[in-house]
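Chain by chain, the residues:
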Amino acid sequence: LVVSVADAVVAQVRPRYAVRICTRPGEDGLLQRFLAIDAMEHRTVVCLVQLLSPDDKRDCATRRAYLAAREGALSEGVNLVEIDLLRGGLRIPL
């Protein structure tokens, strides 16, 4: 799903922005993917697009790491888009 979203976003934001598929470790050892959108002019991240995983919605080390990274990005002025298609689990704080 992340790759499909990336493909759709790339078509809308080029040439001023670049879209990268990034990864972070998950609780089960699998890599979780998210998108970073960079402004080409300044080579800076302007937006992160995160598809929430079950690990992000339960009390575990992966959730704590995600919340810390999320706070860091928001404090730096990076826009954040979180897509939550999961009905269960802990909600991500606003």
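What you are looking at is a predicted structure, and each value in this text was computed from that prediction instead of being measured.

Peer 1: Describe the side chain of Gln-50, with residues and values.
Peer 2: Mapped onto the fold, Gln-50 is located in strand β3 (residues 44-51). The residues touching Gln-50, leaving out its near neighbours within four places in the chain, are Arg-24, Arg-33, Phe-34, Asp-56, Tyr-66, Val-81, Glu-82 and Ile-83.

Peer 1: How would you explain the nonpolar core if you had to name every residue and give the values?
Peer 2: Counting residues in hydrophobic clusters, the biggest one holds 7 residues: Val-2, Ala-6, Val-9, Leu-35, Ile-37, Cys-47 and Val-49. Counting residues per element, the ones that place at least two in this core are α1 (2-13), β2 (31-39) and β3. Contact partners of Cys-47, with chain neighbours within four places excluded, come to Leu-35, Ala-36, Ile-37, Val-78, Asn-79 and Val-81. Counting 6 residues, the second largest nonpolar core, distinct from the first, contains Cys-22, Phe-34, Ala-36 and Ala-73.

Peer 1: Tell me about the sheet that holds β2, and please be specific about residues and values.
Peer 2: Strand order in this open sheet of 4 strands is β1-β2-β3-β4, and the pairing throughout is mixed. In the strand order of this sheet, the two ends are held by β1 (17-25) and β4 (79-83), each with one partner. Averaged over all adjacent pairs, the angle separating strand axes in this sheet is 25 degrees, with direction ignored. Each of β1, β2 and β3 touches α1; the most contacted strand, β1, lies at about 160 degrees to it. The sheet contacts of helix α2 (residues 61-75) involve β1, β2, β3 and β4, and relative to β4 the element is tilted by about 145 degrees.

Peer 1: Give a detailed account of the environment of Pro-54, specifying residues and quantitative values.
Peer 2: By the secondary structure assignment, Pro-54 is in the loop between β3 and α2. Judged by relative accessible area, which is 53%, Pro-54 ranks as exposed. Between the C-alpha atom of Pro-54 and that of Gly-77, which follows or precedes it by 23 residues, the distance is 26 Å.

Peer 1: Give a description of the pattern of salt bridges that names residues and reports values.
Peer 2: Across all of its chains, the model carries 6 salt bridges by this definition. Notably, a salt bridge pairs Asp-55 with Arg-58, separated by 2.6 Å at the nearest N-O pair. Accessibility expressed as a relative area gives 7% for Asp-55, which makes it buried. Judged by relative accessible area, Arg-58 falls into the partly exposed class, the value being 40%. When the shortest N-O distance is used, the salt bridge between Arg-70 and Glu-82 registers 2.7 Å. Remark: Glu-82 occurs in strand β4 and Arg-70 occurs in helix α2; sequence separation between them is 12 residues. Using a relative accessible area of 27% as the deciding quantity, one classes Glu-82 as partly exposed.

Definitions and limits used
- Residues numbered from 1 in each chain as written.
- Predicted model: local features only at pLDDT ≥ 70, side-chain atom pairs only at ≥ 80, totals over all residues.
- Heavy atoms only, no water.
- Helix = DSSP H or I, 4+ residues; strand = E, 2+ residues; numbered from the N terminus.
- Contact = heavy atoms within 4.5 Å.
- Core = buried A, V, L, I, M, F, W, Y, C linked by side-chain atoms within 4.5 Å.
- Buried < 20%, exposed > 50% of the residue type's maximum accessible area, 1.4 Å probe, protein only.
- Pairing = 2+ DSSP bridges.
- Axes fitted to C-alpha atoms, helices over the stretch in contact; angles between N-to-C directions.
- Salt bridge = Lys/Arg side-chain N within 4 Å of Asp/Glu carboxyl O.

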